[in-house]
Amino acid sequence: MIVARIFNRRRGLSASRAGILALVVSVLALGAGAFAPQVTRADAPAHWRPFLMTTVSDVRPAPPPATGTDADRHDLDEIVELQAAPGDRRATAITYWAAQPSPTRWNEILLSIVRIEKVNPVRTSRAIALLNAAIYDAVLAACDAKLAYRRSLPSSRDARIRNLAVADDISSYAATDAAIAAAARTILTSLFPGDAETFSTAADEVEMVRIATGMNTRSDVAAGEAIGVAVGRLAVQRAKTDGADAIFKGSVPAFPGAWAPAKPFANQLPDEPMAGTWRPWLMTRSSQFRPGPPPAFKSAAWQAEADEVLSVAANLTDEQFRIARFWADGAGTDTPPGHWIRFAIAMGLRDHLTTPGFARVLAYLGAAEADAFIACWDAKYAYWSGRPTGLLPGFASMIITPNFPSYISGHATVSGAASAVLGAFFPSDAGRLRAQAEEAAVSRLYGGIHWRVDNEVGLRVGRQIAEAGISRAEGDGSLR
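Attention here is on the structure that accompanies the text. What you see is a predicted model; the values in this text were computed from it and never measured.

**Digging into the overall build of the protein chain**
So, step 1. Broken down by element type, the protein chain carries 18 helices and 0 strands.
So, step 2. Relative to the compact-globule value of 23 Å for 480 residues, the protein chain shows a C-alpha radius of gyration of 24 Å, a close match.
So, step 3. Classification of the 480 residues of the protein chain by burial places 59% in the buried group.
So, step 4. Sequence separation of at least 24 residues holds for 85% of the intrachain contacts in the protein chain that already meet a minimum separation of 6.
So, step 5. Roughly 18,400 Å² of accessible area belongs to the protein chain as shown, and the carbon and sulfur atoms make up 54% of that amount.
So, step 6. Charged side chains of the protein chain number 49 positive and 47 negative; the gap between the two group centres comes to 2 Å.

Encoded structure:
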């Protein structure tokens, strides 16, 4: 089953900071049944602006079977039969999928794939954005159907049915989790075809859980699945046209202070040189927030940066070492964008976000993270700025120097964007999140792989991207 398969494949997370670890542990201790209804009347996103669809009713399904018809009675009988024949496997699946809102589970599945397949941070941010845009739009479309048809719960139509999970308080048609599952399966299979069986197994489990818990009938689930497939295909189409398959046909420039590959990557091209040309989600163009150039090589400003790198490396404290390691997020981890997804999930579970609430936060976070990497990579390959390991004779970084130019820092840019977006959705945490972003940024100086200017400018660019996302969310009422 999907639970065992994903957990068995996990390789473990990097050590967590004390505050975040405590938050995660406290959330896990809540257990199933501690969460809010999947969709409530108060947060039905009737007017939220989709990322992939033109309008939320683009994929509205046909009406459900009428109450009391043969088709309706057949659907209800199926639930009764499933509930009369429980099994350990089904119970485990119900515990997993009903314990918390579905968007969190699909992000966990994606991050497990990222760790196992060692997906780089740029591609990870793209996958996170595509997945969560698809989930968000699937939720919007499912809620549109709920508001259009107002179908009562199966248990209200058949006294034999027990409610074994927390029900929607709007309508059972269409099944939101089924829409999410179909959308997630569709886009993730396109991105990671070798793991298609994992995604299909997960989606099948979701559909079974919704029926076995008495939350939805087969027709509710089928309508949700149709919505999800349609939205997922929109995500696949966007992925095919976002420029991520572009091939670098240029050459690495050579000038004083220019980037050159470090010894482990000798004679290799830099990583993802075309990522700065990819289609953004929130920006109007990839260069919209391109900063001015870094300090000129050998200038007084550059020398001050170099002196600081050498001084920090020579006097690194235990705390600075720990910070550098905590935020390293190298190959085989959740990567920097996944790191912030973990923070978002922990805060959302703590605050008992509903499914639309989670879908909204993760979609805006994913879009900001993807744009942060696009903007960062635009700057990197506009300036081709060298790193300390290439420009300071005999200098060795404390963590592995990545194989791409220095200015601006990807960690800083994505952390600036992620922390500001999350601060808007979780305002009581805004100060802590900002401090974490600043720590993530300076960790790259402590690790010896960035100059301070890379980090400070990266934070600024990331926050500019976040403002574009926050403005979008405020404009349609999805941020309140």
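**Quick look at the pattern of salt bridges**
Note on pairing: side chains with opposite charge can pair once their charged atoms come close.
So, step 1. Across all of its chains, the model carries 24 salt bridges by this definition.
So, step 2. Here Arg151 ties to Asp220 by a salt bridge, and the two come within 2.6 Å at their closest N and O atoms. One end of the pair, Arg151, is in the loop between helix H6 (121-149) and helix H7 (154-157); the other, Asp220, is in helix H10 (residues 218-240), and 69 residues separate them in sequence. Accessibility assignment for this pair places Arg151 and Asp220 in one class, buried.
So, step 3. A salt bridge links Arg452 to Glu456, with the shortest nitrogen-to-oxygen separation between them at 4.0 Å. Of the two residues, Arg452 and Glu456 are both situated in helix H18 (residues 452-476); the distance of 4 residues between them amounts to about one turn of the helix.
So, step 4. Bridged by salt links that share partners, the residues Asp72, Arg151, Arg157 and Asp220 form one connected network.

**Digging into the nonpolar core**
So, step 1. Grouped together as the largest cluster of nonpolar side chains are 139 residues, with contacts concentrated most on Phe51, Trp106, Trp281, Leu422 and Ile465.
So, step 2. Ranked by residues supplied to this core, first place goes to helix H14 (residues 355-383) with 18 residues.
So, step 3. Among residues more than four places away in sequence, those in contact with Trp106 are Trp97, Leu131, Ile135, Ile180, Ala181, Ala184, Arg185, Leu188, Phe199, Ala202, Ala203 and Val206.

**Side note on the packing of H14 against H18**
So, step 1. For the pair H14 and H18, the least separation of the axes is 9 Å and the interaxial angle reads 145 degrees. The crossing of H14 and H18 is right-handed. Facing Tyr364, Ala368, Asp371, Ala372 and Ala375 of H14, the residues of H18 in contact are Val461, Ile465, Gly469, Arg472, Ala473 and Asp476.
So, step 2. Split into classes, the residues belonging to the contact of H14 with H18 amount to 7 nonpolar, 1 polar and 3 charged.

**Some words on the environment of Val236**
So, step 1. Along the chain, the position of Val236 falls in helix H10.
So, step 2. Given a relative accessible area of 12%, Val236 falls into the buried group.
So, step 3. The sequence separation of Val236 and Ser190 amounts to 46 residues, and the corresponding C-alpha distance is 6.7 Å.

**Some points on unusual backbone geometry**
So, step 1. That bond from Tyr173 to Ala174 is cis: its omega, 10 degrees, falls within 30 degrees of zero.
So, step 2. Take Ala174: it is sitting in the loop between H7 and helix H8 (176-191).
So, step 3. In this structure, the amide linkage connecting Tyr407 to the following residue, Ile408, adopts the cis form with an omega of 10 degrees.
So, step 4. Mapped onto the fold, Ile408 is located in the loop between helix H15 (388-391) and helix H16 (410-425).
So, step 5. The phi angle at Arg150 is positive, at roughly 50 degrees, despite the residue not being glycine.
So, step 6. Structurally, Arg150 is set in the loop between H6 and H7.
So, step 7. The exposure class assigned to Arg150 is partly exposed, which follows from its relative accessible area of 48%.

**Quick word on the packing of aromatic side chains**
Aromatic rings considered in pairs are described by the distance between their centres and by the relative angle of their planes.
So, step 1. Evaluation of the coordinates by the stated rule reveals 21 aromatic pairs.
So, step 2. Measuring from ring centre to ring centre gives 6.1 Å for Trp48 and Tyr136, while their planes differ by 15 degrees; the resulting arrangement is stacked. Here the residue Trp48 occupies a position in the loop between helix H2 (18-28) and helix H3 (70-84), and Tyr136 occupies one in helix H6, the gap between them amounting to 88 residues. Exposure class is identical for Trp48 and Tyr136. Each is buried.
So, step 3. When the centroid spacing of 5.6 Å and the interplanar angle of 50 degrees are considered together, the rings of Phe373 and Trp377 count as tilted.

**Digging into the side chain of Thr217**
So, step 1. Examined against the element boundaries, Thr217 turns out to sit in the loop between helix H9 (196-212) and H10.
So, step 2. Reaching out from Thr217, the side chain makes a polar contact with the side chain of Ser219 at a distance of 3.0 Å.
So, step 3. With sequence-adjacent residues up to four places away left out, Thr217 is seen in contact with Asp75, Leu76, Ile79, Arg151, Pro154, Arg157 and Ile211.

**Some points on the packing of helix H5 (residues 102-117) against H14**
So, step 1. Two elements in contact, H5 and H14, have axes whose closest approach is 8 Å; the angle formed by their N-to-C orientations is 40 degrees. When the interaxial angle is binned, H5 and H14 end up oblique. Across from Ser102, Pro103, Thr104 and Asn107 in H5, the residues of H14 making contact are Thr355, Phe358, Ala359 and Leu362.
So, step 2. Looking at the contact of H5 with H14 residue by residue, the classes come out as 4 nonpolar, 4 polar and no charged.

**Details of the environment of His339**
So, step 1. Mapped onto the secondary structure, His339 falls in helix H13 (residues 335-350).
So, step 2. For the pair His339 and Glu319, spaced 20 residues apart in sequence, the C-alpha to C-alpha distance is 20 Å.

**Quick word on the environment of Leu316**
So, step 1. Position of Leu316 among the secondary structure elements: in the loop between helix H11 (300-314) and helix H12 (318-326).
So, step 2. Remark: the alpha-carbon pair of Leu316 and Arg185, spanning 131 residues in sequence, is separated by 46 Å.
So, step 3. What Leu316 contacts, discounting residues up to four positions off in sequence, is Phe321, Met398 and Tyr446.

Thresholds applied
Residues numbered from 1 in each chain as written. Predicted model: local features only at pLDDT ≥ 70, side-chain atom pairs only at ≥ 80, totals over all residues. Heavy atoms only, no water. Helix = DSSP H or I, 4+ residues; strand = E, 2+ residues; numbered from the N terminus. Rg over C-alpha atoms; globule rule 2.2 N^0.38 Å. Buried < 20%, exposed > 50% of the residue type's maximum accessible area, 1.4 Å probe, protein only. Contact = heavy atoms within 4.5 Å. Areas by Shrake-Rupley, 256 points an atom, 1.4 Å probe, with all protein chains shown as cover. Lys, Arg positive; Asp, Glu negative; His and termini not counted. Charge placed at Lys NZ, Arg CZ, Asp CG, Glu CD. Salt bridge = Lys/Arg side-chain N within 4 Å of Asp/Glu carboxyl O. Core = buried A, V, L, I, M, F, W, Y, C linked by side-chain atoms within 4.5 Å. Axes fitted to C-alpha atoms, helices over the stretch in contact; angles between N-to-C directions. Left-handed = near helix turned anticlockwise from the far one by under 90°. Nonpolar A, V, L, I, M, F, W, Y, C, P; charged D, E, K, R; others polar. Phe/Tyr/Trp six-rings, centres within 6.5 Å; stacked < 30°, edge-to-face > 60°. Polar contact = N/O pair within 3.5 Å; in protein donor to acceptor, adjacent residues only side chain to side chain. Parallel < 35°, antiparallel > 145°, perpendicular 65-115°, else oblique.

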